[in-house]
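Architecture and fold: a report
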Amino acid sequence: MSTNKHSSYREEAQKGIDSARLQSNLSNLQNRFGKGVMRYWEEMEDKGMRSRVKNARMRTFEHLDTILTELAKNVRARGGQVYFAETAQDAIDYTLSVARKQKVTKVVKGKSMTSMELDIDPALEKEGIEVVETDLGEYIVQLAGSTPSHIIAPCIHMDRKQIGELFADKLDIDYTDDPPTLTLAARKALREKLLSADMGITGCNLACAETGHVSLVSNEGNIRMATTMPKVHVALMGLERVVATLDEHREALQLLTRAAAMQKLSTYVSFSGGPSKKDDPDGPEEFHLVIIDNGRSKILADPEFREVLACIRCGACLNICPVYGKIGGHAYNYPYCGPIGAVLTPLLDGVNKHADLCKGETLCGACKDICPVNNDLPRMLSGLRQKLAYGSDRWNVKQHNLTEGYIYRLWRTITSNSFLYRTGVRLGRLIQRPFIGNNKLIEKMPSIGGAWTKDRDLPPIAPKTFAEIWRKKQRLKPTPAAPASREEK
Amino acid sequence: MSGKTVSLFIQCLVDTMFPETGTAMMTVFDRLGIPYDYPTGQTCCGQPAFNSGYHHDAAGAARHFIDVFEDAEVIVCPSGSCVHMVRHHYPELFKKEPEMHSRAVAVGEKTYEFTQYLVDELGFTDLQAEFSGSVTYHDSCHLHRGLGIFSQPRTLLNNVRGLEFIEMTDSDTCCGFGGTFSINYPEISTAMVDEKIENILASKAEVVTGCDISCLMNISGRLSRRKEKIKVLHIAEILAATGRGDR
Amino acid sequence: MMPNQNKFIENIRTALGKGSTPAFSDLYGGHRAKDAVQALRKKTTENQIQLVETFQQNAKELNLHTHVVASLSGAEKVIVEIIRSKTPEFSHQKHVVCHDHPDIAGLELWKRFNRESVTVHTTFHPDSQAREKTLASFVGITAADFGIAESATIVQLTRQGRPRSTSLVPSIHIAILRRENLVANLNEAYALLQESKNLDSFVFISGPSKTADIEAHLVHGAHGPYEMHVILISEPFLFPVDEEIQEANSKTSEGIEQE
């Protein structure tokens, strides 16, 4: 599953906006889950939990060297293997070497955004290994040759009819658009894969350093199967997806399941951290934890952005974002979409490259309100915009738009001087004359103004600005604060 | 009543394009007997530059603002986003300059949004206003989430004689303006404002109001293009109305 | 392996601006939950009954079937009824797989199905046929290590003779849970986990498998079992195998209850 590198944010956004199916599905999702989670935060008894978990996460990052060392030690004590991958390629190479050694021919995957970030599937397929997504949504997206559009609900951009047609074609069943029947068909098709695969690859929702466990959250049971039945389990873990103690795990887990799907707990929360004991009929013979950097340590090093590592990938920000709700996940052109994607993607994959993600939202703040760990995504987006505006050596960012830079420098000069400002306003009032229509509104502006007037009218600069009205008032009425006069219009 | 003289902070958009909002504020203060002045050197709070990432340039406008306003007793503005800029972002802009930082903090502490000042600081709920018609209200993002102002406008509107207040669905969902977002990503912005308009129209109100002219400009610009009949008024204009020839 | 780890950790130290890596125990000195666990073992009968009610209440919305019985013989009746009345999903014959646990052995299911065409397997350790038996079975029977009333969750710790697949692969999962092993919430559950020795792999299970991936429409039965039953047994475990449980039982005054 490779990302679509050619469409721009605006083109894909327009496709999303034009898709009635997507609009309907996202509207339904946001009404139920976005509003539902906000209601839960308001009604929750233990309101301190969110900040406790946030503080615990930030403390974890301060001591990440200690915590990852402890995690590795405890996994190894149980007979598991731990590999530290600095780059995506390192992680892929390691996983391939394990697969080769074990003569793996079939891989089943539990839903893992990290695996998509690495883009590991093509590498496995090149080795002749069959790769099967087992999360229903990911499976559907894989069959359709598409990419997921939501962190938790991968095929939210498709409707039941589309899925029915897809299954009729790929699974050779009679057409139906009944979700239970479709799910049953997928259950049958995937069961065979799950029970015959020789390697399971999953992500890691939250590792626990104190006990050396990788914990995985799911409702379908595919992750339990993928980590129990094949003889090898590889868990891919971003270096920030770890809590220090079991106690911290307890609270982070609750926030995750509540924020992701309004559940007290997901149907399954599995904890594993090593191979099964000798002669045990289940459980992998080999357990590999791959701890991945791929740009995260750079985020860790920057106090402006370190906070974003606290994200527990619940997807709640997607469920409340009005921009995501209109454009859908594909516009973000990277595995991480929505508000979290808008911050993380530029930091991991290039700020200039993903400039639209930095600038393409209104900073309304809904994501900050809903985030279980109180991440201030608007602040970080504002920080990314600053990097695009002036460039940044630290993040290897070139000034994004030199012309715009000059315009704002001019703007600064004008707004720092009231005489220049007043003159500029008077000038604007002159220049606008040809553009004012019969209805006293501007319906068409040249250049960038045209972007506004394409869909909206614009009132012109008033014949008398407030400042001019005030001056006149001062000349006519030298004593201020007379009782209510109704002539001021 | 605090007895302080209000220094009017008239947002650049209000000054240039919607001066009636500013004059409406004066009408209200006159009616309440609140003294006010207007520092004529004011220009713009800096939001357009800040919003686009030009923090350094925004700081230029901010310096000017602080110079113009720092001797004011209290500063009142008919725009939540501008107040948010001054209170929350000015200190950030000067975090590396201790002296400017304290000045920024001091100015921020005495800067208020119009309805916030009337209700929270002056203790007014009834402004003796009269406006007949049904009105629905849009919660602007910076006003609502940034400053926590939600009940104050509603309190004031509910006490306007003859006014029927109707809550719209999703009153606090972003209208899609987002400053330069509306120009750089117009298709997304339009899609968002269209949804806001659907909710406004579904409320069946005759008028839509709010506390931020930027949102209202966005909404009215689209309503006008769509040839919808519903009227758009800044809350100051409603609060200034006394039922005679106000529509 | 180690040089690769050293470089990685060194990189993190640099990112954090640190010169050295302190020991985990220095930063996160162990706070043990021993007292909390002692308190848990002292639950009154009234308390336990309340927890059962809470568990049942919370099970409803998860489509998790609960049954309250006085003793193992009551549990046996429920299990036999389920096995008799349900049809296997993937085969024509009825096979059932059970954990090697004294409570399940106490059910003597193999006796009940002596004359019926139901084969009862137990996952004794070691058994090279265990996987085949599990794959052939349409019902999996486990004994939960403990349960959480607030979320209608059972907790299964993997042990020899009690593999993970029993509660996962068969279409129907039946878990028996003694009332005395019910705790109220996650806090208490984690306290128990904290005190468990040699914690290997374990799982929290809260109902049958489900998915809402198609148009956010909830469907029960994805990859794990599509049907799940928890049988809550009032009677405490009478033949303790270790000191902790013996101590706990000596503090509860009631014997076997009549239902």
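Look a little higher up for the structure.
Everything in this summary refers to the structure shown in the same document. This is a predicted model, so every value here is computed, not measured. Every chain begins its residue count from 1, and numbering advances along the sequence as written. Written order decides the labels, with chains lettered from A and ligands numbered from 1. Local features in this predicted model are restricted to residues of pLDDT 70 or higher, and side-chain atom pairs are both shown and tallied only at a pLDDT of 80 or more, whereas totals for entire chains, interfaces and linings draw on every residue. Heavy atoms throughout the structure, all of them, feed into the side-chain values; hydrogens and water do not.

1. Focus: the overall build of chain B
The following threshold applies: For the purposes of this entry, the term helix denotes a DSSP run of H or I that reaches at least four residues, the term strand denotes a run of E that reaches at least two, and both are numbered from the N terminus. Computation of the radius of gyration draws on C-alpha atoms alone. For the globule rule, the value is 2.2 Å times the number of residues to the power 0.38. Three labels apply to residues, based on accessible area from a 1.4 Å probe with only protein chains included: buried if under 20% of the type maximum, exposed if over 50%, partly exposed otherwise in between. Contact between two residues is taken to exist if any of their heavy atoms lie within 4.5 Å; hydrogens are not considered. Residue-level accessible areas treat just the shown protein chains as cover; the underlying method is Shrake-Rupley with a 1.4 Å probe. Neither His nor the chain termini are counted; the positive set is Lys and Arg, and the negative set is Asp and Glu. Where a charge lies is defined by one atom per residue type: Lys uses NZ, Arg uses CZ, Asp uses CG and Glu uses CD.
Of the regular secondary structure elements, chain B holds 13 helices and eight strands. Radius of gyration (C-alpha) of chain B: 18 Å, near the 18 Å computed for a compact globule of 247 residues. The burial tally for chain B puts 67% of its 247 residues in the buried class. Within chain B, contacts between residues separated by at least 24 positions form 80% of all contacts whose residues are at least 6 apart in sequence. Accessible area of chain B: about 8,000 Å², with a carbon and sulfur share of 48%. Across chain B, the 21 positively charged side chains and the 32 negatively charged ones have centroids separated by 4 Å.

2. A look at the interface of chain C and chain A
Worth spelling out the cut-off: We define buried area as the total accessible area lost by two parts upon association, computed with a 1.4 Å probe and summed across both. Salt bridge, as applied in this entry: a Lys or Arg side-chain nitrogen positioned within 4 Å of an Asp or Glu carboxyl oxygen. Under this definition, polar contacts are N or O atom pairs within 3.5 Å; protein pairs additionally need one hydrogen-donor-capable and one acceptor-capable atom, and for neighbouring residues in sequence, both atoms have to be side-chain atoms. Each residue is assigned to one of three groups, with Ala, Val, Leu, Ile, Met, Phe, Trp, Tyr, Cys and Pro labelled nonpolar, Asp, Glu, Lys and Arg labelled charged, and all others, Gly among them, labelled polar.
Opposite the 72 residues of chain C that make contact, chain A presents 97 residues. Interface area for chain C against chain A, summed over the two sides, is near 7,400 Å², with a carbon-plus-sulfur share of 57%. We note a salt bridge from Lys7(C) to Glu86(A), for which the minimum N-O separation is 2.7 Å. Counting across the chain C and chain A interface gives 40 residue pairs in polar contact (both at pLDDT 80 or more). Those elements giving two or more residues to the side of chain C that touches chain A turn out to be α1 (2–16), α2 (24–27), α8 (130–136), α9 (186–195), β9 (202–205) and β10 (210–211) of chain C. Top element by residues in the side of chain C that touches chain A is α1(C). It accounts for eleven residues. By residue class, the composition of the side of chain C that touches chain A is 34 nonpolar, 25 polar and 13 charged.

3. Remarks on the pairing of strand β7 (residues 207–210) of chain B
The two faces of the sheet receive side chains in turn, since in a regular strand these alternate between them. Residue and element names in this part refer to chain B. Applicable threshold: Any two strands with at least two DSSP-identified bridges between them are counted as paired. We call a crossover right-handed when, viewed with both strands directed away from the observer, the connection leading from the first strand over the helix to the second proceeds clockwise.
Of the two faces of β7, the one holding Val207 and Thr209 and the one holding Val208 and Gly210 are both buried throughout. One ladder, built from four bridges, connects β7 with strand β8 (residues 231–234); its direction is parallel. By the bridge assignment for β8, Gly210 is matched with His234. In the classification by handedness, the crossover that spans β7, the intervening helix α12 (residues 213–225) and the parallel β8 is right-handed.

4. Regarding the interface of chain A and chain B
Frequently, the measure chosen for interface size is the accessible area removed from exposure when the parts meet. At the interface, 71 residues of chain A touch 71 residues of chain B. The residue Glu187(B) makes a salt bridge to Arg10(A) at a minimum N-O spacing of 2.9 Å. It is helix α20 (residues 402–415) of chain A that provides the largest number of residues to the side of chain A that touches chain B, a total of seven residues. Its residues assigned to classes, the side of chain A that touches chain B shows 33 nonpolar, 15 polar and 23 charged.

5. Considerations on α12(B)
Residue and element names in this part refer to chain B. Rules: Multiplying one less than the number of residues by 1.5 Å gives the expected span of a helix.
Along its 13 residues, α12 runs 18 Å from first to last C-alpha, staying within 8% of the 18 Å computed at 1.5 Å per residue. The buried count for α12 comes to ten of 13 residues, which makes it a mostly enclosed element. Within α12 the residues assigned to the buried category are Ile213, Ser214, Cys215, Leu216, Met217, Asn218, Ile219, Gly221, Arg222 and Leu223.

6. So, the sheet that holds strand β7 (residues 172–178) of chain C
Residues and elements named next belong to chain C. Applicable threshold: Think of each axis as a best-fit line through the C-alpha atoms, taken over the contacting stretch in the case of a helix, with angles from 0 to 180 degrees between the N-to-C directions.
Read from one edge to the other, the open sheet built from six strands follows the order β1-β12-β7-β4-β2-β3, with strand pairing classed as parallel. Either end of the sheet is taken by a strand with one partner, and the two such strands are β1 (65–69) and β3 (118–122). When the angles between neighbouring strand axes are averaged without regard to direction, this sheet yields 20°. Note: β1 against strand β12 (residues 227–233), five bridges, orientation parallel. For Val68, the partnering residue across the bridge sits in β12 and is Leu232. Against the sheet, helix α4 (residues 45–60) touches β1, β7 and β12, its axis set at about 160° to β1.

7. Quick look at unusual backbone geometry
Of the consecutive residues His125(C) and Pro126(C), the connecting peptide bond is found in the cis state with omega at -15°. Here Pro126(C) is to be found in the loop between β3 and α8. For Arg313(A), which is not glycine, the phi torsion reads 55° and is therefore positive. Among the structural elements, Arg313(A) can be located in the loop between α13 (296–301) and α14 (316–320). Look at Arg313(A) and you get buried, because its relative accessible area is 7%.

8. Comments concerning the arrangement of the chains
Pairwise contact counts over the two pairs of chains in contact peak for chains A and C. A gap remains between chain B and chain C, which never touch, and the nearest two C-alpha atoms on either side lie 21 Å apart.

9. Quick look at a positive patch on the surface
Selection criterion: Patch members must show over 30% relative accessible area and no salt bridge, and they are joined within 9 Å when carrying like charges or within 5 Å when they are nonpolar side chains of Val, Leu, Ile, Met, Phe, Trp or Tyr.
Taken together, the side chains of Arg426(A), Lys464(A), Arg471(A), Lys472(A) and Arg475(A) make up a positively charged region of the molecular surface. Counting residues per element, the positive patch draws most heavily on helix α23 (residues 466–476) of chain A, at three residues.

10. A few points about the pairing of strand β2 (residues 106–109) of chain A
Residue and element names in this part refer to chain A. Residues Lys106 and Val108 line one face of β2 and the alternating positions Val107 and Lys109 line the opposite face, and both faces are buried. As paired strands, β2 and strand β3 (residues 130–133) are joined by four bridges and run parallel to one another. Bridge pairing in β3 places Val108 opposite Val132. Pairing of β2 with strand β4 (residues 199–202), which is carried by three bridges, proceeds in the parallel orientation. Bridge pairing links Val108 to Gly200 in β4.

11. Regarding the packing of aromatic side chains
To describe a pair of aromatic rings, one takes the distance between the centres and the angle between the planes. What counts here: Pairing of aromatic side chains requires ring centres within 6.5 Å, counting the rings of Phe and Tyr and the six-membered ring of Trp. Pairs whose planes differ by under 30 degrees are stacked, by over 60 edge-to-face, and all others tilted. Over a ring means this: the NZ of a Lys or the CZ of an Arg is within 6 Å of the ring centre and within 35 degrees of the ring normal.
Taken as a whole and judged by the stated rule, the model has 29 aromatic pairs over all chains. With 5.1 Å between their ring centres and 25° between their planes, Phe24(C) and Tyr28(C) make a pair best called stacked. Among the aromatic residues, those joined into a cluster by ring pairs are Phe466(A), Trp470(A), Phe29(B), Tyr36(B), Tyr38(B) and Phe114(B). The ring of Trp41(A) has Arg50(A) sitting right over it, with the charged end atom 4.5 Å from the ring centre.

12. Looking at helix α16 (residues 338–349) of chain A
Residue and element names in this part refer to chain A. Given a rise of 1.5 Å per residue, twelve residues ought to cover 16 Å, and the 16 Å separating the end C-alpha atoms of α16 matches this to within 8%. With eleven of its twelve residues buried, α16 lies for the most part within the structure. Every buried residue belonging to α16 is among Gly338, Pro339, Ile340, Gly341, Ala342, Val343, Leu344, Thr345, Pro346, Leu347 and Leu348, and all of these are buried. Gly350, located one to two residues past α16, shows a positive phi value of around 115°.

As far as function goes, none of this settles anything; it's purely spatial.
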